[in-house]
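# Summary of structural features
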Amino acid sequence: MEGLRGKNVLVTGGSTGIGQSIAIRFAQEGSNVAINYRSSLEEAKKTEEMVQVCIRRVRECGVKDLLVKGDVSKEEEIVRMFETTIEGLGGLDILVNNAGIQTSGASDEIEIESFDRVIAVNLRGAYICAREAIKHFLAQDKEGVIINVSSVHQIIPKPKYIGYSASKGGMQNLTRTLALEYAGKNIRVNSVGPGATITPINRAWIDDPEKRAEVEKHIPMGRAGTSEEMAAVTAFLASDEAAYITGQTLFVDGGLTLYPDFRSAWSSE
Ligand code: NAI
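This brings us to the pattern of salt bridges. For the structure on display, the rule yields 11 salt bridges. For Arg-25, the salt bridge goes to Glu-29, with nearest N and O atoms at 3.0 Å. By relative accessible area, which is 22% here, Arg-25 ends up partly exposed. Of the residues examined, Glu-29 reaches a relative accessible area of 12% and is grouped as buried. Two residues, Arg-131 and Glu-75, come together in a salt bridge whose shortest N-O distance is 2.9 Å. Separated by 56 residues along the polypeptide, Arg-131 in helix H4 (residues 112-140) and Glu-75 in helix H3 (residues 75-89) bring together distant segments of the chain. Residue Arg-131 is classed as partly exposed on the basis of its relative accessible area, which comes to 24%. Looking at Glu-75, the relative accessible area reads 34%, which means it is partly exposed. One continuous salt-bridge network, built from bridges that share partners, spans Glu-75, Arg-131, Glu-132 and Lys-135.

Structure, rendered in structure tokens:
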């Protein structure tokens, strides 16, 4: 895609799932890639394996790579992550806010810490990362791109996932507001809205054929998406081929946002 070769990209939550595919896709397009990952003690071994897979695939493309550890729910870790990335790659042109989590529970019962945690990672973390990226673009007086990995739940309510729904709904106006505020500075801000995608966040159904069929029957195109399909659209939105697009969310969802229940004309028959 036009305009990605030699660009410096930071992908948050880049060691697994959609983030990993995004990191690899940018490397295939000739971009230098900083891969952010967070590792808790319990997850350390598994995370280490995923990070190594990702870094190997990026390196195979012959671009610069950098691993940056950091928790996007912590402002000081984000600031450090940007310093390390900008120093390590020699600047930053594209930020992909991909890190995300979800927790579930009836909305009248969940602990407020659970709600706060999801907002802190998915929305507040994405905002602080965007703020740091924009500061850098402005200081260097150069154009920049931010892509937020949102969700179909930016517009489709998700009962029992109130934190997730609120965070992705908020991401829509994070995208639109920053896009408007910085359009005159050549900074573009867009979102990708994945539908059900085969990644670790969906471990509850991806390896169980019956549960997976149950999920996929709700999708107009009849199948879940792949992380590579999300990565392709992320790369497109970051490329010069999308040079005139800002403030938009491109849903990549096999038709999930098309009100699938209206496949039949039940409301008129
Ligand atoms: P995933 O669980 O593989 O990826 C999430 C990544 O975020 C992981 O690498 C995780 O370590 C990282 N992360 C979590 N908390 C973090 C923190 N505090 N600091 C830094 N990194 C952190 O799941 P997936 O599916 O790849 O999710 C990526 C994004 O795509 C998320 O924002 C998710 O909401 C979004 N999405 C995923 C869909 C799906 O069906 N898989 C559908 C719609 C949106």
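Okay, back to it.
It is worth spelling out H3 at this point. Under the 1.5 Å per step criterion, the end-to-end length of H3 is 21 Å for 15 residues, consistent within 8% with the ideal 21 Å. Within the sequence span of H3, burial applies to Ile-78, Met-81, Phe-82, Thr-85 and Leu-89. Here the buried residues of H3 occupy an arc of 100° about the axis, which is enough to place them on one side. Two residues or fewer after H3 comes Gly-90, characterised by a positive phi angle close to 85°.

Below, the discussion takes up the packing of helix H1 (residues 17-28) against helix H8 (residues 227-238). Contact geometry for H1 and H8: axes closest at 8 Å, N-to-C directions at 50°. Between H1 and H8, the angle is such that the two are oblique. The chirality of how H1 crosses H8 is right-handed. Of H8, the residues touching H1 (which contributes Gly-17, Ile-18, Ser-21, Ile-22, Arg-25 and Phe-26) are Ser-227, Glu-228, Met-230, Ala-231, Ala-232, Thr-234, Ala-235 and Ala-238.

With six of its six residues buried, strand S5 (residues 144-149) lies for the most part within the structure. Here S5 shows a buried face lined by Gly-144, Ile-146 and Asn-148 and a second buried face lined by Val-145, Ile-147 and Val-149. In this structure, strand S4 (residues 94-97) lies alongside S5, joined through four bridges in parallel fashion. Residue Asn-97 lies in a different strand from S5, and its bridge partner there is Asn-148.

To continue, consider the nonpolar core. Ranked by size, the top nonpolar core spans 29 residues in total, and within it Ile-22, Phe-26, Val-33, Val-58, Ile-94 and Val-96 carry the most contacts. Listed by contribution, the elements that provide at least two residues to this core are strand S1 (8-11), H1, strand S2 (32-37), helix H2 (44-59), S4, S5 and H8. Once residues lying within four places of it in the same chain are set aside, the contact partners of Ile-94 are Leu-4, Lys-7, Asn-8, Val-9, Leu-10, Phe-26, Phe-137, Val-145 and Ala-238. Counting 28 residues, the second largest nonpolar core, distinct from the first, contains Leu-10, Ala-130, Phe-137 and Ala-179.

Turning to the packing of H3 against H4, a few remarks are in order. Two elements in contact, H3 and H4, have axes whose closest approach is 10 Å; the angle formed by their N-to-C orientations is 40°. You can see that H3 and H4 cross each other, and the crossing is right-handed. Taken together, the residues of H4 that come into contact with H3 (itself represented by Glu-75, Ile-78, Val-79, Met-81, Phe-82 and Ile-86) are Gly-125, Ile-128, Cys-129, Arg-131, Glu-132, Ala-133 and His-136.

Among the 29 residues in the neighbourhood of the ligand, the closest are listed as Thr-16, Asp-71, Tyr-164, Thr-199 and Asn-202. Between an oxygen atom of the ligand and a main-chain N or O atom of Gly-13, the distance comes to 3.4 Å. Here an oxygen atom of the ligand and a backbone polar atom of Gly-100 are 3.5 Å apart. Against a free-state accessible area of 820 Å², the protein chains account for coverage of 94% of the ligand. Among the secondary structure elements, those contributing two or more residues to the shell around the ligand are H1, H4 and helix H5 (162-182).

How each quantity is defined
- Residues numbered from 1 in each chain as written.
- Predicted model: local features only at pLDDT ≥ 70, side-chain atom pairs only at ≥ 80, totals over all residues.
- Heavy atoms only, no water.
- Salt bridge = Lys/Arg side-chain N within 4 Å of Asp/Glu carboxyl O.
- Buried < 20%, exposed > 50% of the residue type's maximum accessible area, 1.4 Å probe, protein only.
- Helix = DSSP H or I, 4+ residues; strand = E, 2+ residues; numbered from the N terminus.
- Expected span 1.5 Å × (residues − 1).
- Arc of directions from axis to C-beta.
- Axes fitted to C-alpha atoms, helices over the stretch in contact; angles between N-to-C directions.
- Parallel < 35°, antiparallel > 145°, perpendicular 65-115°, else oblique.
- Left-handed = near helix turned anticlockwise from the far one by under 90°.
- Contact = heavy atoms within 4.5 Å.
- Pairing = 2+ DSSP bridges.
- Core = buried A, V, L, I, M, F, W, Y, C linked by side-chain atoms within 4.5 Å.
- Near = heavy atom within 4 Å.
- Polar contact = N/O pair within 3.5 Å; in protein donor to acceptor, adjacent residues only side chain to side chain.
- Areas by Shrake-Rupley, 256 points an atom, 1.4 Å probe, with all protein chains shown as cover.

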